[in-house]
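# Fold and contact review
Given next are the chains, with one letter for each unit.
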Amino acid sequence: MPDTSLALRRWLFLFLVLSSTTAAVVKLWTILQSGGLSIGEALFLFLFAILFGWIAIAFWLALFGVVARLEDVRLMPLAGAARDEGSRTAILMPVYNEDVARVFSGVRAIYDSLRDAGEAGFEFYILSDSTDPAFWIAEEVTWEKLRKALGPDARIFYRHRHRNAGRKSGNIQDFCENWGALYDYMVVLDADSLMTGETLGALKRLMDANPRAGLIQAPAQLVGRQSLFARIQQFASSVYGPTFSAGLAWLQGPDGNYWGHNAIIRMRAFLQHGGLPRLSGKPPFGGEIMSHDFVEAAFLRRAGWEVWIAPDLGGSFEEPPPSVYDYLKRDRRWAQGNLQHSRVLIAQGIPVPARLHMLMGVMSYISSPLWLLMLVVSALSLVPYGMPADAIDHAALLQLVVATVILLYAPKLLAMGIALRDSAKVRAHGGFGPLLRSVFWEAIFATLFAPAVMLAHSWYVLTLLMGISTGWGSQVRDDRALPLWFVISRYWAPTLIGASCAALLWRFAPADLFWYAPLLAGLLLTIPLVRLTSSLRLGAWAARRGLFLIASETVKLPVLERAHRILAAHQEDGRDFRRLVLEDATVQSLHLAILHEALPPPALPQEKLAALAAAAKRRDTAGFSRGDWNALLSDPASIVEASSA
């Protein structure tokens, strides 16, 4: 039966977005038309309408989240169930050339949290797509060590694929096709994910009690990193994230979305409807779908399954990128994946909310070139060639600018207001004063950071439209201070663009420099901004002064502390794990047993394998490439031959 209150909320939201956008557009049209509307001004008005509507969506979404929090709305109205050990859940950890110690410390921490919470019916799978044999063999050795430490009852499994078709989504699909029938649900994690046993148990019981729920997403809070950039992101996630998640959950209802990890999925629904098509044509817009999550959620909704967001559960965590550079590098891949959705959102049978999810994902990147184009049009049409300065209604223009600024910054203030109502949350962020100062400095950073993001995203969209695809490398997850020369080599272009624009405005329209000051400041400060925010020392300095503190630092999170203790206790022995397969009988026996269970690798000429085995037998492996090691370590006969006396 349709939820009439949900429909009313959606219509109200649409009305508020359209009415506020219309009012702003009419206001701007009134300002422009007084001097006669030129083609450039008409284009500016059109772009303004799109982009004002875009920021209006964020504003009203935050306001809906505030109302939901103030009214204590039940954001996921699903029935809970008593603890039932009958259902089985697979916890999947897909990895691709990841820090092995970090991955397994997270797995162990989640395992311990489940045990402490008394939750049963969960089994772990480390699903490796690693192409570097050093990571691959280290994963096997560390997995075996973990199994021995936990005892014979631990249900923790490991699988390595020789053919990593479909990347992460293909990795998960491969698991589902081969082992999915054994389980009722699966929880998909990322390599840096952490979830508490209480949250995992709650998700399983919600699935047990609600047979139409196909997926329940637990929004992940950012934790665990120490660079200044990461700390700012973690703080924003902690203070602003719950309000936005509440607004989304209240508006979406059972038409929620999937963010790729930290979610529980009904196995039967996913097996029947979660498979991804291969898009026709070549990348970047064809081929494998890179951002699989939105599409999988859309396909589940198309089949009638409910998709929910559970913002009230908590206990779901991940790590942020450690620097601006790593953040934008990840965004390049996400841009390609999201723009691919432009071909999926028109697919037959996709519900309107799912189409809107994908459209908003596309818009999150398309908006940057639209902002850039609007700025260029305003500079070319409104400054030197447009109406005379005395023809502009400066009071009306100021009102419009103030309205825009309110829409941009009010969501942060609203979320802060909600946080200030909760004394425990205030203490978790260092107290009243530190919380206010942190919000202020986060807003300053976001303002200065925005122009660099705009240029980066605009470049991504342009190169994708030119047919330039991106690869799928492993992410950098460790804190690292970026060298100055590296930052200069990567971010000289925004600095040069900012300096050139400032010079042109100073020469032709000095009176308008004020309006462009935030944009120009962000561009001119890109290099020091990127360099300084990557600093661990500045991150520690901010923490000592109570800036950007989050609950994991003040209240402490047992699952996170456990993961960090295990990781800190890990000792690198410096051994070459590839050679251990040839020299250590125990490692070799383990590796051969795992190979026996895996699908065979692509066939290679016997002459090549024989030559590699002979060279390895002589321990003449210095010239081996990654491909050589992969070929040797994938062939049991060659391993035995290379290790024979």
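Residues numbered from 1 in each chain as written. Predicted model: local features only at pLDDT ≥ 70, side-chain atom pairs only at ≥ 80, totals over all residues. Heavy atoms only, no water.

### Considering the overall build of the protein chain
- A count of helices and strands for the protein chain gives 26 helices and 10 strands.
- The globule rule puts the C-alpha radius of gyration for 645 residues at 26 Å, and the 27 Å found for the protein chain is close to it.
- Principal-axis analysis of the C-alpha atoms places the extent of the protein chain at approximately 90 × 60 × 55 Å.
- Each of the 645 residues in the protein chain was classed as buried or not, and the buried ones make up 53%.
- In the protein chain, the share of contacts with a sequence separation of at least 24, taken over all contacts with a separation of at least 6, comes to 84%.
- On the protein chain, roughly 28,700 Å² of surface is accessible, and the fraction owed to carbon and sulfur atoms is 63%. (Helix = DSSP H or I, 4+ residues; strand = E, 2+ residues; numbered from the N terminus. Rg over C-alpha atoms; globule rule 2.2 N^0.38 Å. Buried < 20%, exposed > 50% of the residue type's maximum accessible area, 1.4 Å probe, protein only. Contact = heavy atoms within 4.5 Å. Areas by Shrake-Rupley, 256 points an atom, 1.4 Å probe, with all protein chains shown as cover.)

### Structural notes on the pattern of salt bridges
- Per the counting criterion, the structure on display carries 30 salt bridges.
- The closest approach of N and O atoms between D478 and R102, which form a salt bridge, is 2.1 Å. Residue D478 is located in the loop between α15 (432–465) and α16 (484–508), and its partner R102 is located in helix α3 (residues 100–116); the two are separated by 376 residues in the primary sequence. (Salt bridge = Lys/Arg side-chain N within 4 Å of Asp/Glu carboxyl O.)

### Details of a nonpolar patch on the surface
- Taken together, the side chains of L398, V402, I406, F514 and W515 make up a nonpolar region of the molecular surface, amounting to roughly 500 Å² of accessible area.
- Broken down by secondary-structure element, the contributors of at least two residues to the nonpolar patch are α13 (394–420) and α17 (513–524).
- A total of 3 residues in the nonpolar patch trace back to one element, the largest contributor, which is α13. (Patch = residues over 30% accessible without salt bridge, like charges linked within 9 Å, V, L, I, M, F, W, Y side chains within 5 Å.)

### Here we look at the packing of helix α1 (residues 4–33) against helix α8 (residues 241–252)
- Orientation of α1 relative to α8, taken along the N-to-C sense of each, is 120 degrees, at an axis distance of 8 Å. For the element pair α1 / α8, the angle class is oblique. Contacts between α1 and α8 involve L6, R9, R10 and F13 from the former and W250, L251 and Q252 from the latter.
- Taken together, the residues of the contact of α1 with α8 sort by class into 4 nonpolar, 1 polar and 2 charged. (Axes fitted to C-alpha atoms, helices over the stretch in contact; angles between N-to-C directions. Parallel < 35°, antiparallel > 145°, perpendicular 65-115°, else oblique. Nonpolar A, V, L, I, M, F, W, Y, C, P; charged D, E, K, R; others polar.)

### Some details on the sheet that holds strand β10 (residues 316–318)
- Strand order in the open sheet formed by 3 strands is β5-β10-β7, and the pairing between neighbours is mixed. Each end of this open sheet is capped by a strand with a single partner; those strands are β5 (194–195) and β7 (221–222). (Pairing = 2+ DSSP bridges.)

### A short note on the nonpolar core
- Counting residues in each nonpolar core, the largest one holds 68 residues, and the members touching the most others are I91, I137, I156, L194, L200, I216 and L632.
- Residues contacting L194, with those up to four places away along its chain left out, are G106, A109, I110, N262, G315, S316, F317, V559, L560 and A563.
- The next biggest cluster of nonpolar side chains, apart from the first, holds 39 residues, and it includes L228, F229, V324 and F445. (Core = buried A, V, L, I, M, F, W, Y, C linked by side-chain atoms within 4.5 Å.)

### As for the environment of P322
- On the secondary structure map, P322 appears in the loop between β10 and α11 (324–344).
- Residue class for P322 comes out buried when judged on its relative accessible area of 0%.
- Setting aside residues up to four positions removed in sequence, P322 forms contacts with S227, F229, A230, V476, D478, D479, R480 and S534.

### Examining the confidence of the model for the protein chain
- When the pLDDT values of the protein chain are averaged, the result is 91; 96% of them are 70 or greater.
- Between residues 384–389, whose pLDDT stays under 50, and residues either more than four places distant or in other chains, the model counts 10 contacts. (pLDDT = per-residue confidence, 0-100.)

### Regarding α3
- Counted at 1.5 Å a residue, the expected span for α3 with its 17 residues is 24 Å, and the 24 Å between its end C-alpha atoms agrees.
- Among the 17 residues of α3, 14 are classified as buried, and the element is accordingly described as predominantly covered.
- Directly beyond the C-terminal end of α3, a positive phi value near 70 degrees is found at G118. (Expected span 1.5 Å × (residues − 1).)

### As for the pairing of strand β1 (residues 89–95)
- β1 sits mainly inside the fold: 7 of its 7 residues count as buried.
- Neither face of β1 is left uncovered, since the one carrying T89, I91, M93 and V95 and the one carrying A90, L92 and P94 both have all their residues buried.
- Relative to strand β2 (residues 122–128), β1 is paired through 7 bridges, and the arrangement is parallel. By the bridge assignment for β2, P94 is matched with L127.
- Remark: the β1/α3/β2 crossover connection has right-handed handedness.
- In terms of strand pairing, β1 meets strand β4 (residues 185–188) through 4 bridges, oriented parallel. From the neighbouring strand, T89 faces β4, where its bridge partner is Y185. (Right-handed = clockwise from strand over helix to strand, strands pointing away.)

### Some thoughts on the packing of α11 against α16
- α16 packs onto α11 with a crossing angle of 40 degrees between their chain directions and a minimal axis gap of 12 Å. Relative to α16, the element α11 is oriented oblique. The element α11 and its partner α16 pack so that their crossing is left-handed. Facing α11, whose interface residues are V324, Y325 and L328, α16 presents F486, R490 and Y491.
- Class assignment for the residues of the contact of α11 with α16 results in 5 nonpolar, no polar and 1 charged. (Left-handed = near helix turned anticlockwise from the far one by under 90°.)

### Thoughts on the environment of A82
- Inspection of the secondary structure assignment puts A82 in the loop between α2 (39–70) and β1.
- Judged by relative accessible area, which is 63%, A82 ranks as exposed.
- As for A82 and A202, which are separated by 120 residues in sequence, their C-alpha atoms are 9.7 Å apart.

### Quick word on the environment of A213
- Structurally, A213 is set in strand β6 (residues 213–217).
- With relative accessibility at 0%, the residue A213 sits in the buried group.
- A C-alpha to C-alpha distance of 49 Å links A213 and W492, two positions 279 residues apart in sequence.
- Every residue in contact with A213, bar those within four places of it in the chain, is listed here: M207, R266, W305, E306 and W308.

### What to know about the packing of aromatic side chains
- Taken as a whole, this structure holds 24 aromatic pairs when the rule is applied.
- With 5.1 Å between their ring centres and 75 degrees between their planes, F440 and W441 make a pair best called edge-to-face.
- For F440, a relative accessible area of 48% translates into the label partly exposed.
- Among the residues examined, W441 registers a relative accessible area of 45% and is labelled partly exposed.
- Ring centres of F624 and W629 lie 5.3 Å apart, and the angle between their planes is 65 degrees; on these two criteria the pair is classed as edge-to-face. Considered together, F624 and W629 belong to a single accessibility category, that of buried residues.
- Across the ring face of F299, the terminal group of R302 is positioned such that the distance to the ring centre comes to 4.5 Å. (Phe/Tyr/Trp six-rings, centres within 6.5 Å; stacked < 30°, edge-to-face > 60°. Lys NZ or Arg CZ within 6 Å of the ring centre and 35° of its normal.)

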